[in-house]
Amino acid sequence: MLFTTSLVLSALLAPLASAAPSAPTTTCITDLKIEACSDFDCQLKDYHRIDAGLTQRDNATSWSYVFYKTEKAPLSSCITDLTVVEEGASGPSGSEWSKAAGSAHAGLTSGGGPTIHVARSEEKQAEGRVVDWIVLKPGKSANSTEDFQRTFVNLGLGEAAGEAAVADWKLYNYISSGWVWLMYSNAGPRQAITDIRVLACNQSSDASDCGMDWIKAGWQRRDIDLNGPTVGNGSHVFLFTTTAAQNDSKCVTHLGVENSTDAFGAINVDLNDGTNGTSIYLAKYRARSQQCLTSIVAQSVSYFTPLPSYIPVLDSTGQPADLNLGIGAYADEVYLLTSTAKSLVIPEKPELSFREDGTFRISHYSDLHTMQQEYLCLNAPEFIKGNCTEKFASSFMERTLDLLDPDFVVINGDLFSEDQRKIDGLTFPMQAMASVMKVLHPIVDRGLPWAVTFGNHDGEGDSTVEELMRIYQNVPGFIGSRGEASLPGIGNYELTIKKSAKSKDDAFRLWFFDSHPASPRPSDGSTAFDWEGEDYHTKWNGVGYGKIQPSQIEWYKSHSKKLNEKKKTNAFAFYHIPLPEMALAWQKQTTRSLNLSGTHVEPLCVQGQGCEQYVDITKNKVGLFEAFEEMGDVLATFSGHDHETDITSKILFNSSATEGIWMTCDGNSGYGGYSSGADGYNREMRFTVISDHGDHALSYKVIDDVFAGTVHRNASEPIVNFF
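Calculation rules
- Per chain, residues are indexed from 1 in the order of the written sequence.
- The predicted origin of the model limits local features to residues at a pLDDT of at least 70 and limits the giving and counting of side-chain atom pairs to 80 or more, whereas totals for whole chains, interfaces and linings rest on all residues.
- To obtain the side-chain values, all non-hydrogen atoms of the structure were included, while hydrogens and water were left out.
- Counting from the N terminus, the helices are the DSSP runs of H or I reaching at least four residues and the strands are the DSSP runs of E reaching at least two.
- Under the scheme applied here, a residue whose accessible area is under 20% of the maximum for its type counts as buried, over 50% as exposed, and between as partly exposed, the area being computed with a 1.4 Å probe on protein chains only.
- Method for areas: the Shrake-Rupley scheme with a 1.4 Å probe, in which residue coverage is limited to the protein chains shown.
- In this description, contact between two residues means that some pair of their heavy atoms is separated by no more than 4.5 Å.
- Given a helix with a known number of residues, its expected span is that number minus one, times 1.5 Å.
- Axis angles are defined between N-to-C directions and span 0 to 180 degrees, where every axis is a line fitted to C-alpha atoms and, for a helix, only to the segment in contact.
- Here the angle decides the label: under 35 degrees means roughly parallel, over 145 means roughly antiparallel, 65 to 115 means roughly perpendicular, and every other value means oblique.
- By definition, any crossing whose near helix is turned counterclockwise from its far helix by less than a right angle is left-handed, and any crossing with a clockwise turn is right-handed.
- The classification used treats Ala, Val, Leu, Ile, Met, Phe, Trp, Tyr, Cys and Pro as nonpolar, Asp, Glu, Lys and Arg as charged, and all other residues, Gly among them, as polar.
- Throughout, disulfides are identified as pairs of cysteine sulfur atoms within 2.5 Å of each other.

## With respect to the overall build of the chain
- A tally of regular secondary structure across the chain gives ten helices and 31 strands.
- The buried share of the chain, reckoned over its 723 residues, is 58%.
- Surface summary for the chain: the accessible area is close to 28000 Å², and the carbon and sulfur share equals 50%.

Encoded structure:
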């Protein structure tokens with residue numbers, strides 16, 4: 001009887017034991033290390049490599065990189081803070097801190113260079129405030145983006161980098177500098193801003209050092225200069241915030257602008273200090289409140305653009321206050337926007353589905369080349385040059401969206417670019433966040449789902465593509481993704497189109513790849529680069545551009561196989577820089593290129609090579625075309641990059657094959673980048689209609705006909721029936 005009772009008790013207690021709560025998990029960064037590599041393409045399994053090298057220098061034979069691991073893990077494994085420690089210095093005290101593996105300059109300096117230390121705070125882990133993104137920002141005065149915390153010890157070699165010690169942000173992502181700054185963001189709730197300061201530093205001073213004492217004391221600097229950029233501007237003026245608890249238990253509830261320091265709350269620093277502009281003073285209002293400011297963003301931009309979840313600081317007329325008022329034509333408008341959101345507002349992602357008539361409509365825009373200032377329109381028809389502005393591109397997008405009524409919008413690379421300012425032709429580092437919102441606004445206003453690929457120019461401003469992806473994730477309608485964290489690049493992902501709005505049945509797939517920017521290896525074996533001299537397409541080891549990497553291709557094949565085992569569907573693929581196989585159409589190799597159409601061509605700049613009159617597709621092989629053939633799902637691909645090229649062709653798998661893949665180059669939609677300059681040339685975009693729930697598809701080009709004042713299908717090109 002006792003034995004039987006014991007069995008019964010064991011049976012009753014077993015499910016209770018198995019139901020014991022497990023440790024909470026989340027997706028976070030769990031490990032970080034510095035590794036020296038003898039190859040620019042080195043990777044570590046399960047780790048993401050940040051492509052900005054720490055030891056860029058003349059005649060290098062090895063390079064140090066930061067690698068980190070992102071995974072779904074118990075909260076106790078998640079990193080919550082990071083800091084960089086000078087060579088030979090002691091790291092932070094406290095049991096939560098530990099040194100990450102490796103050092104920045106191992107083998108180059110006696111002490112190995114700076115080291116990175118990580119913390120795992122139980123308090124922050126419990127609150128969900130764990131590190132979710134890490135970026136490296138090259139450039140002496142690199143800006144930090146909102147929600148990213150900046151460390152202030154240089155991981156680079158400084159002036160010892162020689163010619164590679166590029167001080168500005170000419171990144172092309174791979175190309176680093178003598179100055180490399182680690183920055184990171186935390187998931188979880190934002191902290192209330194409890195106080196604000198403003199500091200003006202002398203014009204002749206190094207802006208990157210402005211307020212360093214405050215920063216070391218824990219204040220966060222907003223890196224957008226509130227008094228610039230201008231030509232011969234006055235003082236550098238920066239805004240600083242703290243989230244530390246104050247003695248009066250108050251927080252900042254809202255901001256205003258005043259014309260006098262006598263006004264209530266006014267901070268005694270003229271935001272236009274040292275210029276002939278109107279004296280403007282920022283006013284802070286503090287109270288014991290649950291509605292505290294948690295985020296402040298400065299926009300230096302050609303015209304005010306709303307930012308989702310933010311409201312602008314207003315002037316006395318109720319309009320967004322221009323903090324550069326009165327400085328003159330060479331000064332951008334500068335605005336402040338604030339938010340009280342206690343967490344990043346990530347909108348619910350809409351699901352893609354076919355219409356009731358079995359169609360799905362895609363609008364494609366490539367190479368919009370927006371920037372923060374009003375740009376110089378390049379290669380525009382002569383009669384509009386005097387009136388051409390950046391708003392031509394946004395107007396083109398608005399009118400085509402209204403004409404075509406798409407279900408989905410793809411921006412296929414180079415949404416942002418560091419181009420020439422219209423007023424004087426100057427080019428200098430730009431603020432990316434405000435720039436991209438100018439272009440995205442027509443999409444957001446219409447409530448459309450959208451996604452992106454990254455091009456070779458997107459990382460040229462003050463935001464890396466990692467930061468841009470984080471910005472995009474908070475914009476309504478965005479359904480793209482960072483993708484598998486361990487893969488090279490940002491934005492390798494797949495989207496599925498359902499058979500109907502109420503169906504769970506997969507009907508079509510869309511693949512997105514990061515084709516990477518410039519290749520980092522110069523032909524002379526060094527890492528030096530003369531930005532003002534030799535053309536980088538030829539200097540960089542005869543390759544010019546990066547390419548989709550083998551691990552990205554293996555990810556596609558593995559993921560495609562699993563999905564196709566579940567249900568085989570047709571698919572499209574999007575990447576910014578064309579595959580070398582596209583050159584078979586440009587070179588009119590009729591044994592492999594069928595049904596060629598298009599009106600403009602230029603020497604193609606393809607993945608893994610430069611801009612060549614003749615592209616050898618066997619050189620520096622990419623391998624994605626062969627993967628598409630093997631998997632059999634991708635029937636058409638879309639790319640941008642070559643602004644003057646708008647050709648479409650079916651590329652056969654080999655010279656004796658009857659099957660192949662349709663490949664397109666889509667020209668450019670923006671006015672800031674170069675174009676053909678041919679008489680009668682118009683900016684253009686592509687429109688694709690998938691029908692019969694994925695069994696058929698056609699595509700054609702729509703032009704901004706500035707001569708007729710309309711947008712319409714390009715009648716000089718046929719409608720292409722893909723399948």
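From this point, the discussion proceeds with the structure in view.
## A look at the environment of Pro189
- Looking at the element boundaries, Pro189 is found in the loop between strand E9 (180–186) and strand E10 (195–201).
- Given the relative accessible area of 36%, Pro189 is considered partly exposed.
- Sequence separation of Pro189 and Glu127 is 62 residues, and the distance between their C-alpha atoms is 7.5 Å.
- Once residues lying within four places of it in the same chain are set aside, the contact partners of Pro189 are Glu127, Arg129 and Lys342.

## Some thoughts on helix H4 (residues 391–404)
- For H4, built from 14 residues, the straight-helix expectation of 20 Å at 1.5 Å per residue is met to within 8% by its first-to-last C-alpha distance of 20 Å.
- Those residues of H4 hidden inside the fold are in contact with strand E18 (360–365), strand E19 (408–412), helix H5 (432–445), strand E28 (684–691), strand E29 (696–705) and strand E30 (710–713).
- Looking one or two places after H4, you find Asp405, whose phi comes out positive at around 50 degrees.

## Some details on the packing of helix H8 (residues 550–566) against helix H10 (residues 624–631)
- Where H8 meets H10, the closest approach of the two axes is 10 Å, and the angle between their N-to-C directions is 15 degrees. One finds that H8 runs roughly parallel with respect to H10. Note on packing geometry: the crossing formed by H8 with H10 is right-handed. Residue-level inspection shows Ile553, Tyr556, Lys557, Ser560, Lys561 and Asn564 of H8 in contact with H10, the latter providing Leu624, Ala627, Phe628, Glu630 and Met631.
- Partitioning the contact of H8 with H10 into residue classes produces six nonpolar, two polar and three charged.

## So, unusual backbone geometry
- Of note, the phi angle at Ser249 is positive, near 60 degrees, even though the residue is not glycine.
- Exposure remark for Ser249: the relative accessible area of 53% places this residue in the exposed category.
- A positive phi angle, close to 55 degrees, is found at Asn379, a residue other than glycine.
- One can find Asn379 in the loop between E18 and H4.

## Digging into the state of the cysteines
- One pass over the full model with this rule turns up five disulfides.
- Linked covalently through their sulfurs, Cys37 and Cys42 form a disulfide whose S-S length is 2.1 Å. Taking the sign of the S-S torsion, about 80 degrees here, the bridge from Cys37 to Cys42 comes out right-handed.
- For Cys201, the disulfide goes to Cys210, at an S-S distance of 2.0 Å. Residues Cys201 and Cys210 share a disulfide whose torsion about the S-S bond is about 85 degrees; that sign makes it right-handed.
- By relative accessible area, Cys201 is classed as buried at 13%.
- Relative accessible area serves as the criterion here: at 2%, Cys210 is assigned to the buried category.

Purely geometric numbers; function is a separate question.
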